[in-house]
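# Report on the structure
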Amino acid sequence: MEQEQIDAIVFEELQNIAPELEPDTLDREEDLRDELDIDSMDFMILIIALGKRLNIRIPDTDHHLLNSINNLLAYLHKSAA
């Protein structure tokens with residue numbers, strides 16, 4: 001899957017969790033939960049949805065690696081390759 005496709009899926013799923021999200025205004029290095037003002041349940045829903053859409057397994061032990069949008073995208077690009 002191409003990186004652009006992964007990015008599009010990530011931002012679709014982010015907007016499902018936080019509909020008011022404006023992707024161009026996000027700080028991609030900021031803590032994802034703080035930046036989107038989401039709780040741990042929303043974060044889990046996001047991770048599960050991304051795993052299903054991208055057909056990859058994201059173990060619980062890797063969740064700490066997904067703490068910013070840039071880290072999330074890098075992880076997914078590597079995992080989907």
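Preceding this section is the structure that the text describes.
This write-up is about the structure you can find in this document.

Conventions used here
- Residues numbered from 1 in each chain as written.
- Predicted model: local features only at pLDDT ≥ 70, side-chain atom pairs only at ≥ 80, totals over all residues.
- Heavy atoms only, no water.
- Salt bridge = Lys/Arg side-chain N within 4 Å of Asp/Glu carboxyl O.
- Helix = DSSP H or I, 4+ residues; strand = E, 2+ residues; numbered from the N terminus.
- Buried < 20%, exposed > 50% of the residue type's maximum accessible area, 1.4 Å probe, protein only.
- Polar contact = N/O pair within 3.5 Å; in protein donor to acceptor, adjacent residues only side chain to side chain.
- Contact = heavy atoms within 4.5 Å.
- Axes fitted to C-alpha atoms, helices over the stretch in contact; angles between N-to-C directions.
- Left-handed = near helix turned anticlockwise from the far one by under 90°.
- Nonpolar A, V, L, I, M, F, W, Y, C, P; charged D, E, K, R; others polar.
- Patch = residues over 30% accessible without salt bridge, like charges linked within 9 Å, V, L, I, M, F, W, Y side chains within 5 Å.
- Areas by Shrake-Rupley, 256 points an atom, 1.4 Å probe, with all protein chains shown as cover.
- Lys, Arg positive; Asp, Glu negative; His and termini not counted.
- Charge placed at Lys NZ, Arg CZ, Asp CG, Glu CD.

### Thoughts on the pattern of salt bridges
- In total, this model carries two salt bridges according to the counting rule given.
- In this structure, E12 engages R53 in a salt bridge whose closest nitrogen and oxygen atoms are separated by 3.1 Å. Placement of E12 in helix α1 (residues 3-17) and of R53 in helix α3 (residues 40-54) is noted, with a sequence separation of 41 residues between them.
- Here E13 makes a salt bridge to R53, at a shortest N to O gap of 2.8 Å. Linking E13 in helix α1 with R53 in helix α3, this pair joins segments that are 40 residues apart in sequence.
- When its relative accessible area of 9% is taken as the criterion, E13 is described as buried.
- Beyond isolated ion pairs, a larger network of salt bridges with shared partners links E12, E13 and R53.

### Considerations on the side chain of E13
- Within the structure, E13 has its side chain in polar contact with the side chain of R53 (distance 2.8 Å).
- Each residue touching E13, except ones within four places of it in the same chain, is listed here: L46, A49, L50 and R53.

### What to know about the packing of α1 against α3
- It is the contact of α1 with α3, at a shortest axis distance of 10 Å, that shows an interaxial angle of 145 degrees. As for how α1 packs across α3, the hand of that crossing is right-handed. Contacts between α1 and α3 involve I6, I9, V10, E12, E13, L14 and I17 from the first element and D42, I45, L46, A49, L50, R53 and L54 from the second.
- Residues of the contact of α1 with α3, tallied by class, amount to 10 nonpolar, no polar and four charged.

### Considering a negative patch on the surface
- The grouping of E20, D27, E29, E30, D31, D34, D37 and D39 at the surface amounts to a negative patch.
- The exposure class assigned to E30 is partly exposed, which follows from its relative accessible area of 33%.

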